[in-house]
Amino acid sequence: SLLLMPSLVMTFVSNHTSHFENIRQRLSAKDSRTRRRNADYLTHVILDTVVDHFILAAKTIEDSIDILQEDEDIDPEGMIKQIGDLKKRTISIRRDAMSMQKLSMDLKQMENDLISDDVRPYLNDLHDHTTFVMDTLDNCREVLMELHHLQLALMSQRMNDIMKVLT
């Protein structure tokens, strides 16, 4: 959670993570741009850090899919289980990324004194990054669905071959 006020940014996290350690270090440095700028810029930095982690998560899923596609030694049931696990992760990350995309759009379009004009280009960039994450996750979901259908077809073909031999 994040609360933005004219000269204050307050965040709440459910557990201590190192995701924001870089921001803490930037704020500790007396001559850092993050420290010199207003609260709206710090809000952008925090949200950008979150989106960067979404990008890393999407890339990890893409890499897992690539490995899954190249693995020829895995049994069909194991493949279907791994596909199911990746689909669950993709849907979970996509749901959170969708919320971030909506938030970035709302901030970008917000017409009040909390967001200054010099921060708006950063918010446009943030929205572009969330759109990239959404597109990547949608692509991953489609590939996973195709892989799932392919594995089911292969299992059906094997069952048909077995039935021919038994018949």
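Up top is the structure these notes are about.
Residues numbered from 1 in each chain as written. Predicted model: local features only at pLDDT ≥ 70, side-chain atom pairs only at ≥ 80, totals over all residues. Heavy atoms only, no water.

Observations regarding the packing of aromatic side chains
Step number 1: If you walk through the whole model with that rule in mind, you get one aromatic pair.
Step number 2: Where Tyr41 meets Tyr122, the ring centres are 5.4 Å apart and the plane angle is 75°; that geometry is what we call edge-to-face. Note that Tyr41 is positioned in helix H3 (residues 39-70) and Tyr122 in helix H5 (residues 120-166), a separation of 81 residues in sequence.
Step number 3: The cationic tip of Arg37 hangs over the ring face of Tyr41; the distance from NZ or CZ to the ring centre is 4.4 Å. (Phe/Tyr/Trp six-rings, centres within 6.5 Å; stacked < 30°, edge-to-face > 60°. Helix = DSSP H or I, 4+ residues; strand = E, 2+ residues; numbered from the N terminus. Lys NZ or Arg CZ within 6 Å of the ring centre and 35° of its normal.)

With respect to the environment of Pro76
Step number 1: Its location among the elements puts Pro76 in helix H4 (residues 76-109).
Step number 2: Taking the C-alpha atoms as reference points, Pro76 and His148, separated by 72 residues in sequence, lie 9.6 Å from one another.
Step number 3: Aside from chain neighbours lying at most four places away, what touches Pro76 is Gln151, Met155 and Arg158. (Contact = heavy atoms within 4.5 Å.)

Observations concerning the packing of H3 against H4
Two packed helices can be described by the angle between their axes and the distance between those axes.
Step number 1: Where H3 contacts H4, the axes come no closer than 10 Å and their chain directions differ by 155°. Classified by the interaxial angle, the pair formed by H3 and H4 is roughly antiparallel. In the crossing of H3 with H4, the sense of the turn from one axis to the other is left-handed. Contacts between H3 and H4 involve Leu47, Val50, Val51, Phe54, Ala57, Thr60, Ile61, Ser64, Ile65 and Leu68 from the former and Met79, Gln82, Ile83, Leu86, Arg89, Thr90, Ile93, Asp96, Ala97, Met100, Leu103 and Leu107 from the latter.
Step number 2: Partitioning the contact of H3 with H4 into residue classes produces 16 nonpolar, four polar and two charged. (Axes fitted to C-alpha atoms, helices over the stretch in contact; angles between N-to-C directions. Parallel < 35°, antiparallel > 145°, perpendicular 65-115°, else oblique. Left-handed = near helix turned anticlockwise from the far one by under 90°. Nonpolar A, V, L, I, M, F, W, Y, C, P; charged D, E, K, R; others polar.)

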